[in-house]
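Notes for the structure review
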Amino acid sequence: MKYVDEFRDGELARALANAIAKAADPARTYRLMEFCGGHTHAISRYGLLDLLPPNVRMIHGPGCPVCVLPIGRIDSAIALATQHDVILCTYADTMRVPASGGLSLFKAKAQGADIRMVYSCDDALRIAQENPSREVVFFAIGFETTTPPTAAIILQAARLNLTNFSVFCNHVLTPAAMVHIMESEQDPAAVAIDGFVGPAHVSTVIGSAPYEAFVARYQRPVVIAGFEPLDVIQSILMLVLQINEGRAEVENEFTRAVTREGNRKAQAMCGQVFEMRESFDWRGLGEVPYSALKIRPEFAQFDAELRYQIAYLQVPDHKACECAAILRGHKRPTDCKVFGTVCTPDHPIGACMVSSEGACAAHYTYGRFRVV
Ligand code: SF4
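Reading the values: the criteria
Residues numbered from 1 in each chain as written. Predicted model: local features only at pLDDT ≥ 70, side-chain atom pairs only at ≥ 80, totals over all residues. Heavy atoms only, no water. Helix = DSSP H or I, 4+ residues; strand = E, 2+ residues; numbered from the N terminus. Rg over C-alpha atoms; globule rule 2.2 N^0.38 Å. Buried < 20%, exposed > 50% of the residue type's maximum accessible area, 1.4 Å probe, protein only. Contact = heavy atoms within 4.5 Å. Areas by Shrake-Rupley, 256 points an atom, 1.4 Å probe, with all protein chains shown as cover. Lys, Arg positive; Asp, Glu negative; His and termini not counted. Charge placed at Lys NZ, Arg CZ, Asp CG, Glu CD. Pairing = 2+ DSSP bridges. Axes fitted to C-alpha atoms, helices over the stretch in contact; angles between N-to-C directions. Phe/Tyr/Trp six-rings, centres within 6.5 Å; stacked < 30°, edge-to-face > 60°. Near = heavy atom within 4 Å. Nonpolar A, V, L, I, M, F, W, Y, C, P; charged D, E, K, R; others polar. Salt bridge = Lys/Arg side-chain N within 4 Å of Asp/Glu carboxyl O. Patch = residues over 30% accessible without salt bridge, like charges linked within 9 Å, V, L, I, M, F, W, Y side chains within 5 Å. Core = buried A, V, L, I, M, F, W, Y, C linked by side-chain atoms within 4.5 Å.

Some points on the overall build of the chain
- Scanning the chain for helices and strands turns up 15 helices and 13 strands.
- Over its C-alpha trace the chain gives a radius of gyration of 21 Å, about what one expects of a compact globule, namely 21 Å for 372 residues.
- Along the first, second and third principal axes, the C-alpha atoms of the chain reach 65 × 45 × 45 Å.
- Across the 372 residues that make up the chain, the buried fraction comes to 55%.
- Contacts spanning at least 24 positions in sequence make up 76% of the contacts within the chain whose residues lie at least 6 apart.
- Here the chain displays about 16100 Å² of accessible surface, and carbon together with sulfur accounts for 53% of that area.
- When the 35 positive and 40 negative side-chain charges of the chain are each reduced to one mean point, those points stand 2 Å apart.

Pasting the structure below:
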């Protein structure tokens, strides 16, 4: 398949791995965070860790949309469906995230709540049009990649003058989370990350420019990378070379879709519909200032948080779950006592075991029989 097969070529992958081994200074360790769960998945699926020298370490970051959604937000979504009798629409992965009281959206659906899995937020709008006597809420999650479609359906709902449709907005922002990771130590220079693999899909929307201030401030290189194995391994080589040369720059491995400016049309649409939240509670990271979006007052009639007076309640993770430490890059899936025993993709205890982009699910699926 064009644009896929050529980026999965084993010979080229081995050549790039050899270049990394040659470039990596044996006297030091390279600690590289892949921010995005899509990269975590690719690294596990294609066995890229096996190709890297031991002193090039990959650290999983918090860029899996369902993993960073706190339990309180899932509880609110379940309450919308069970207490307000709305038709709640959302993406598939969200359905399985564990919530309070042993519930999930799937279990609430099994108990009778009208919760529907959609492939696109456009489907939620269609469901609202087909059910004029019912209230329909789209439970919107995700990073900058999934934000423009949510903006588009709110604009479309306004054009159609739909009165039975609203959005429970939980969209979060990548650069703010990266800043938060670097600010986790009193002295950011002490943060044990030498460089970041940046997400390609997010960057097709926001462009590469938003990482420039981050790189200038924290002196950590960022290489924006695609999700095929050659993209990822090429980006690791680019990071190793930058670190060796003492450079900290934004580099773009995914030139086939990412530009410096990004998608201006999508940015304008998001700017029209959304504004910054002062703070948002992330699973694993806690309250992160200016890291998420809410619906602008001009579109208040489509804001489910206002319409249903949703009050957010912070709920702690399961006692045994190490998701918080894994999402911060402090622990690995195998550090969790219940990994692969009590907690599996069929019976997830924590959010990192739900989505294929979650570090625990990726490691369980592709690498649980070897030590990483
Ligand atoms: S294995 Fe399960 S319980 Fe443990 S950290 Fe991962 S998701 Fe949480």
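Comments concerning the sheet that holds strand E5 (residues 136–142)
- An order of E4-E3-E5-E6 is seen for the four strands of this open sheet, with the pairing classed as parallel. Two strands in the sheet have a free side with no partner beyond their single neighbour: strand E4 (115–117) and strand E6 (165–171). Here the average twist between neighbouring strands, direction ignored, is 20°.
- Sheet topology note: the strand E3 (residues 87–90)/E4 ladder contains three bridges and is parallel. Considered in E4, the bridge of Cys89 is made with Arg116.
- Each of E3, E4, E5 and E6 is contacted by helix H4 (residues 71–83), which is oriented at about 170° to E6, the strand it contacts most.
- Along the sheet, helix H6 (residues 121–130) contacts E3, E4, E5 and E6; its crossing angle with E5, the most-contacted strand, is approximately 170°.

Quick notes on the packing of aromatic side chains
- Under the criterion given, the structure shown has seven aromatic pairs.
- Between Tyr91 and Phe138, the ring centres sit 5.4 Å apart and the planes meet at 80°, which makes this aromatic pair edge-to-face. Here the residue Tyr91 occupies a position in the loop between E3 and helix H5 (105–110), and Phe138 occupies one in strand E5, the gap between them amounting to 47 residues. By the burial criterion, Tyr91 is buried, and Phe138 matches it.

Section: the site of the ligand
- Not every one of the 13 residues close to the ligand is listed here, only the nearest: Cys321, Cys323, Cys336, Cys343 and Cys360.
- Here the shell around the ligand is built from residues that sort into 11 nonpolar, one polar and one charged.

Some points on the pattern of salt bridges
- Counting across every chain of the model gives 21 salt bridges.
- A salt bridge links Arg8 to Glu228; its shortest N-O distance comes to 2.5 Å. In this pair, Arg8 sits in the segment before helix H1 (10–23) while Glu228 sits in the loop between strand E8 (222–225) and helix H11 (229–244), placing the two residues 220 residues apart along the sequence.
- Glu228 gets classed as buried once you look at its relative accessible area, which sits at 14%.
- For Arg14, the salt bridge goes to Glu11, with nearest N and O atoms at 3.3 Å. With Arg14 and Glu11 both in helix H1 and three residues apart, the pair spans about one turn of that helix.
- We classify Glu11 as exposed; its relative accessible area is 56%.
- What you see here is one network of salt bridges that share partners, running through Glu245, Arg247, Glu249 and Glu251.

Structural notes on the sheet that holds strand E7 (residues 195–199)
- Here we have five strands laid out as an open sheet, ordered E2-E1-E7-E8-E9, and parallel in their pairing. Of all the strands in the sheet, just strand E2 (56–63) and strand E9 (250–252) have a single pairing partner and so form its edges. Averaged over all adjacent pairs, the angle separating strand axes in this sheet is 25°, with direction ignored.
- Pairing analysis gives four bridges linking E7 to E8, with the strands arranged parallel. Counterpart to Gly198 in the pairing with E8 is Ile224.

Observations concerning a nonpolar patch on the surface
- A surface patch of nonpolar side chains, amounting to about 390 Å² of accessible area, comprises Phe106, Met117 and Tyr119.
- Classification of Tyr119 by relative accessible area gives exposed; the value is 78%.

Looking at the nonpolar core
- Core analysis: the largest hydrophobic core is formed by 73 residues, its most contacted members being Leu88, Leu105, Phe139 and Trp282.
- Not counting chain neighbours up to four residues away, the residues in contact with Phe139 comprise Leu69, Arg73, Ile74, Ala77, Leu88, Cys89, Thr90, Thr94, Leu105, Phe168 and Asn170.
- Grouped together as the second largest cluster of nonpolar side chains are 30 residues, Val118, Ala128, Phe165 and Ile295 included.

In short, geometric facts, not functional conclusions.
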